[in-house]
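A closer look at the structure
Chain residues, written in single-letter form:
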Amino acid sequence: MEKKRSTAAVIFLISLVLSLLPAVVLSQAVQGWKAPQDVVEKLSKSQPRYNYYEEKVPAYTLPELLVTLDGKKIDNSDAWTRIRRPEILELFRENVYGRVPETPYEKSFRIVSENRNAMGGAATLKEVDIEILSEGKSLTIRLNLFVPNNAGKKVPAFLVINNRGTDQADPSRKIKNEFWPAEEIVSRGYAAAVFQNSDVDPDNFDDFKNGIHGLLDRGERKGDSWGTIAAWAWGASRCMDYLVTDSDIDAGKVAVLGHSRGGKTALWAAAEDQRFAMAVSNESGCGGAALARRKFGETIETINRAFPHWFCRNYVQWGNNEDSMPVDMHMLLALIAPRAVYVTSASEDLWADPRGSYLSLYNSLPVFRLFDRNTSLSDQMPPLNSPVNSGNTGYHVRDGVHNLLVKDWNWIMDMADKVFRL
Ligand code: GTR
């Protein structure tokens, strides 16, 4: 009798587990990506000052996207473009990246070399010097550009802000790597353009003496004087100035792309310069795509301490005071609407807060919907290695560590194919 009962109990238990299993599997798929527990534990141990636990993210309220400073509700794309977008752009200049000075300068382009037989005949390589002149001082930004041969028409382009060494974007192609897979980009019909961020401004605190700051800054620095990210973004726009003059390039289809600090820069470049048809933020994190109010991984206080030159001085006041900041990063992504924005994360790169980056995109959607009301993403993150997109917005979280890889590039180019209708 006892035995029969316990067998029945075991059978009941097994069938219960079996019946629950699909629900568990299903809910995992629906809930999508979660930070790997071992990575959470490891980072929490090695960096105890930072939060990597989802449960410890504080409750927060994001600033309103669609209410103007004087309290008017915005419900159409025209009012967004005329009233609310300029307000938010100003808030970011004032509080985060700083303002470009109005100092006059001259600019010229020089094609230093042109090789029609690059990449074994697949592309033409143009090496272009963009020279900036002001009051007798000059600065040169080198733009390297591979254009696919035999396209028979103007081609779309990816402009990469290279924040790594020149060997990561070698125009001679003696050194190749996944960060700038120029051959793959060209084979998919895109021009591959790249410039070194350090040509525009050095990536260290030099009291803004060198680079473009040294050339264009006048007088005392103010709280909203531009930082180095704004300077790099300005450099991306000078590259765009050249690209619009190049008859091989479809200037209405230029995507600006950056990784990490370059990703922050790509977003700000597209916010400031509406000629960019698409912005790609690869693992940009704090000061980029990730919501500051979550205080997950890198924080405003930390980034200003480690990189005092990246942002404007006014940004410092929002360290440990995120809830008072008049913007959060969903508003930066919204500034790119109705143009395309693609945000990426890597599963082990919790410093750059994958979930905070996705939520930022998700919370920018009301603006994208003013232009295309079918734009809609789930409030849950997609599973690992499963890109999602809707309208002109898209996102993926790749497995692995902080980096820009061919795997990322392929999904990014899939999105660009859709946006540019290739
Ligand atoms: C880190 C920084 C991040 C990110 C990264 C990078 O040290 O904390 O915000 O930008 O550098 O650019 O690789």
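Residues numbered from 1 in each chain as written. Predicted model: local features only at pLDDT ≥ 70, side-chain atom pairs only at ≥ 80, totals over all residues. Heavy atoms only, no water.

Concerning helix H12 (residues 406-419)
The end-to-end C-alpha separation of H12 is 19 Å, in line with the 20 Å expected for 14 residues at 1.5 Å each. Just beyond H12, the residue with positive phi is Arg421, at close to 50 degrees. (Helix = DSSP H or I, 4+ residues; strand = E, 2+ residues; numbered from the N terminus. Expected span 1.5 Å × (residues − 1).)

Here we look at the nonpolar core
Proteins that are soluble and globular tend to have nonpolar side chains buried together. Grouped together as the largest cluster of nonpolar side chains are 93 residues, with contacts concentrated most on Phe92, Tyr97, Leu159, Ile212 and Trp268. Counting residues per element, this core draws most heavily on helix H7 (residues 228-243), at eleven residues. For Trp268, the residues in contact, after removing those within four places along its chain, are Leu89, Phe92, Arg93, Tyr97, Gly98, Ala230, Ala233, Leu332 and Leu335. (Core = buried A, V, L, I, M, F, W, Y, C linked by side-chain atoms within 4.5 Å. Buried < 20%, exposed > 50% of the residue type's maximum accessible area, 1.4 Å probe, protein only. Contact = heavy atoms within 4.5 Å.)

A closer look at the pairing of strand S7 (residues 278-282)
Burial of S7 is extensive: five of the five residues sit out of reach of the surface. Of the pairings in the sheet, the one linking strand S6 (residues 249-259) to S7 comprises five bridges and is parallel in character. Pairing of His259 across the sheet is with Asn282, part of S7. With helix H8 (residues 261-272) bridging S6 and the parallel S7, this β-α-β connection has right-handed handedness. In this structure, S7 lies alongside strand S8 (residues 340-346), joined through five bridges in parallel fashion. (Pairing = 2+ DSSP bridges. Right-handed = clockwise from strand over helix to strand, strands pointing away.)

Side note on the environment of Asn150
Position of Asn150 among the secondary structure elements: in the loop between strand S3 (137-148) and strand S4 (155-162). Residues Asn150 and Gly189, 39 residues apart in the sequence, show an inter-C-alpha distance of 9.9 Å.

Quick look at the site of the ligand
Taken together, Ser260, Arg261, Lys264, Glu298, Ile303, Phe307, Trp310, Trp351 and His402 make up the full set of residues adjacent to the ligand. Within the side chain of Trp351, an N or O atom sits 3.0 Å from an oxygen atom of the ligand. His402 is positioned with one of its side-chain polar atoms (N or O) 3.4 Å from an oxygen atom of the ligand. For the ligand, whose unbound accessible area comes to 320 Å², protein coverage reaches 79%. Residue composition of the shell around the ligand, grouped by class: four nonpolar, two polar and three charged. (Near = heavy atom within 4 Å. Polar contact = N/O pair within 3.5 Å; in protein donor to acceptor, adjacent residues only side chain to side chain. Areas by Shrake-Rupley, 256 points an atom, 1.4 Å probe, with all protein chains shown as cover. Nonpolar A, V, L, I, M, F, W, Y, C, P; charged D, E, K, R; others polar.)

Concerning the packing of aromatic side chains
Aromatic ring pairs: the centre-centre distance and the angle between the two ring planes describe each pair. By the definition in use, this model includes 17 aromatic pairs. Geometrically, the ring pair formed by Tyr52 and Phe296 is edge-to-face, given 6.0 Å between the ring centres and 85 degrees between the ring planes. With Tyr52 in the loop between helix H2 (37-46) and helix H3 (77-97) and Phe296 in the loop between S7 and helix H9 (300-306), this residue pair connects regions lying 244 residues apart in the sequence. Across the pair, exposure class does not vary: Tyr52 and Phe296 are buried alike. Ring geometry for Phe92 versus Tyr97: centroids 6.2 Å apart, planes at 20 degrees, classification stacked. We note that Phe92, like Tyr97, is buried. (Phe/Tyr/Trp six-rings, centres within 6.5 Å; stacked < 30°, edge-to-face > 60°.)

Topic: the sheet that holds strand S2 (residues 123-134)
Pairing is mixed in the open sheet, where ten strands are placed in the order S1-S2-S3-S5-S4-S6-S7-S8-S10-S9. Two strands lie at the open edges of the sheet, namely strand S1 (106-118) and strand S9 (388-390), each paired on one side alone. Along the sheet, successive strands turn relative to each other by an average axial angle of 15 degrees, direction set aside. Relative to S3, S2 runs antiparallel, the two being bridged by twelve bridges. (Axes fitted to C-alpha atoms, helices over the stretch in contact; angles between N-to-C directions.)

As for unusual backbone geometry
A cis amide bond links Ala337 with the next residue in sequence, Pro338, at an omega value of 0 degrees. Relative to the helices and strands, Pro338 resides in the loop between helix H10 (329-334) and S8. One non-glycine residue, Asp353, lies in positive phi territory at about 50 degrees. Following the sequence through the fold, Asp353 ends up in the loop between S8 and helix H11 (354-371). At Arg421, a residue that is not glycine, the phi angle is positive and equals roughly 50 degrees. Considering the arrangement of structural elements, one finds Arg421 in the segment after H12.

Remarks on the packing of H3 against H8
It is the contact of H3 with H8, at a shortest axis distance of 11 Å, that shows an interaxial angle of 140 degrees. For the element pair H3 / H8, the angle class is oblique. Crossing of H3 over H8 shows left-handed handedness. In this structure, H3 contributes Arg85, Leu89, Phe92, Arg93 and Tyr97 to the contact, and H8 contributes Trp268, Ala270, Ala271 and Glu272. Here the residues of the contact of H3 with H8 sort into six nonpolar, no polar and three charged. (Parallel < 35°, antiparallel > 145°, perpendicular 65-115°, else oblique. Left-handed = near helix turned anticlockwise from the far one by under 90°.)

So, the pairing of S4
S4 sits mainly inside the fold: eight of its eight residues count as buried. Note: S4 against strand S5 (residues 191-196), six bridges, orientation parallel. By the bridge assignment, Ala157 is partnered in S5 with Ala191.

A few points about the pattern of salt bridges
Going through the model one piece at a time under the given rule, you end up with 39 salt bridges. Lys176 serves as the salt-bridge partner of Glu183, at 3.8 Å between the closest nitrogen and oxygen. Among the residues examined, Lys176 registers a relative accessible area of 53% and is labelled exposed. Salt bridges sharing partners connect three or more residues here, namely Glu90, Arg93, Glu94, Arg99, Asp224 and Glu272. (Salt bridge = Lys/Arg side-chain N within 4 Å of Asp/Glu carboxyl O.)

Bear in mind that shape data such as this cannot, by itself, settle questions of function.
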